[in-house]
Amino acid sequence: MPTYEDVVETVVDLFRKAETELSDDVIMALRRAYEEEENEIAKINLKNILRNVKIAKEKRIPMCQDTGLPIVFVELGRELCLDFDLKEAIVEGVRKATREVPLRPNAVHPITRENSGDNVGIRMPIVDVEVVEGDRLKLTVMPKGAGSENCSALRMMLPGEVDKIKRFVVEVVKKAGGKPCPPIFVGVGIGSTFDGCAKLAKKALLRNVNEMNELELEILDAINELGIGPMGLGGKVTALAVLIECGHCHTASLPVAVNVQCWANRRASMVLR
Amino acid sequence: MEVITPVSVDMVRKLEVGDIVYVTGELITARDKAHARILEFIESGRDLPFHINAIYHCGPLVRKDGDTWVVLSAGPTTSARMNEATKVLLKHVDSVIIIGKGGMDVKEELRGKGVYLAYTGGAGALAANAIRRVRNVYWLDLGMPEAVWVLEVKRFGPCVVAIDSHGNSIYEEVERRVEENFRRMFG
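Okay, so let's go over this structure.

Definitions and limits used
- Residues numbered from 1 in each chain as written.
- Chains lettered and ligands numbered in written order.
- Predicted model: local features only at pLDDT ≥ 70, side-chain atom pairs only at ≥ 80, totals over all residues.
- Heavy atoms only, no water.
- Axes fitted to C-alpha atoms, helices over the stretch in contact; angles between N-to-C directions.
- Helix = DSSP H or I, 4+ residues; strand = E, 2+ residues; numbered from the N terminus.
- Parallel < 35°, antiparallel > 145°, perpendicular 65-115°, else oblique.
- Contact = heavy atoms within 4.5 Å.
- Nonpolar A, V, L, I, M, F, W, Y, C, P; charged D, E, K, R; others polar.
- Pairing = 2+ DSSP bridges.
- Polar contact = N/O pair within 3.5 Å; in protein donor to acceptor, adjacent residues only side chain to side chain.
- 1 Å grid on protein atoms, 1.4 Å probe; cavity = no way out; pocket = protein on both sides within 12 Å on 5 of 7 lines; lining within 4 Å.
- Points joined across faces, edges and corners; volume = space filled by probe spheres on them.
- Buried < 20%, exposed > 50% of the residue type's maximum accessible area, 1.4 Å probe, protein only.

## Thoughts on the packing of helix 6 (residues 165-176) of chain A against helix 6 (residues 170-186) of chain B
In the contact formed by helix 6 of chain A and helix 6 of chain B, the axes pass within 11 Å of each other and the chain directions differ by 175°. As far as their axial angle goes, helix 6 of chain B and helix 6 of chain A are roughly antiparallel. Counted together, K166, R167, V170, E171 and K174 of chain A of helix 6 of chain A and V178, E179, F182 and F186 of chain B of helix 6 of chain B form the full contact between these two elements. When grouped by side-chain class, the residues that make up the contact of helix 6 of chain A with helix 6 of chain B number 4 nonpolar, no polar and 5 charged.

## Things to note about the sheet that holds strand 2 (residues 126-132) of chain A
Residues and elements named next belong to chain A. Read across the sheet, 4 strands follow the order 2-1-3-8 without closing on themselves; strand pairing throughout is mixed. Looking at strand neighbours, the two that pair on one side only are strand 2 and strand 8 (268-272), the edges of this open sheet. Averaged over all pairs of adjacent strands, the angle between their axes in this sheet comes to 15°, without regard to strand direction. Bridging between strand 1 (residues 71-77) and strand 3 (residues 137-141) involves 5 bridges; their strand directions are antiparallel. Note on strand 3: the bridge partner recorded for L76 is L137.

## Re the side chain of T238 of chain A
Residues and elements named next belong to chain A. With respect to the helices, strands and loops of the structure, T238 is situated in the loop between helix 8 (214-225) and strand 6 (239-247). In terms of polar contacts, T238 uses its side chain to reach the backbone amide nitrogen of G229, at 3.0 Å. Those residues within four positions of T238 in sequence are excluded, and the remaining contacts are V173, P182, P183, I184, I223, N224, G227, I228 and G229.

## Some words on the layout of surface pockets
Counted as a void, the second largest pocket has a volume near 420 Å³. Of all the secondary structure elements, the ones that give two or more residues to the lining of the second largest pocket are helix 6 of chain A together with helix 6 of chain B. Top contributing element to the lining of the second largest pocket by residue count: helix 6 of chain B, with 6 residues. Class assignment for the residues of the lining of the second largest pocket results in 9 nonpolar, 7 polar and 8 charged.

## Let's talk about the environment of D10 of chain B
All names here are of chain B. Along the chain, the position of D10 falls in helix 1 (residues 9-14). For D10, a relative accessible area of 55% gives the class exposed. C-alpha of D10 to C-alpha of K113: the two residues are 103 residues apart in sequence and 8.6 Å apart in space.

Okay, structure coming up:
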């Protein structure tokens, strides 16, 4: 049975890992982009990204100074019985990670804009708990940078506008231009409710970025037709993946959320038993 | 090409969009809150504690080792947030380079006196490699990311001249093409 300390240490380890090294699927997508790109300026930027990723891993330092907002996804086995406050352990893990990784203190009060200094605050870190079968506790951290998050959008579309979803997603990316640090990953939530589709869009970003279905590839092609390119300086590769998650919705609704993720698609998971 | 700061008007006028440059010398970081305070100083006629010649849109991740600050990761932040403040600020400087990411809407204000250099967003570890030391820090009360860090850099780059002092902007060209491509696809 995992202890309070196990959870604290795991959260620290996961943030360190997510901040300093990208997963293999993301690196593979970035390398492929470098090979495919022909524009010289685009190639320089992709090379900078790949060199940066290598340095961060070797030196064990955060690849981006925006170490993001702490988001933690929890899969809690229903047979598990924890004798401590899981949320409190995660909060402590974030505090410790901020000191030790270290993470840039990014969390501020939304109105006074006062920085809490430890990435902890009102409803921060963001913790998403899902109860699953079995006796395991899976923790996934996703430090989310603001440059890309700020370019995200949500639209309550009409039920008859299913064929306009692609246009909406491409429009969001067009409007974002170079701001979200392309090449980006595009998480899309279709259905559910106003809040539900946003959560689906975010969760979609946890998937393997090289496994896409026909619709996802079709939207990806349309995005890359735009020519925004790495860092918005022009080129073939604007997005590396489009990842869609669906949820049933009301017959009168069609909520669609687009969560934009920069090239630094940082996430790390661990299972505790 | 190497750009040495402080930059002169003659130097910035030599740069053209598409040029690849490396910056050596002193940079000051500034983002939203620092820009707001710089404008407060200017408007109230107070002298700034630092010289504005090479601005880097960056909120670095910094660690204090004893008495010295060490920059761990320091990539650029989204420059467009500083559009409006920069338009005012540029009236008060004679020559300038601005380093950031994602582009800006200050083409006219840069005319004849400054350039905007695009550095790879998110390349924080790579950027930190080119930072030799922290010379000073001002306005730490704004928080680590928002403070003004005076950095000594050596061959910081490669950066791309994305807006030059002659009225050219790569972003405008790209945006025009992107708009055409979007209309071709979706009407």
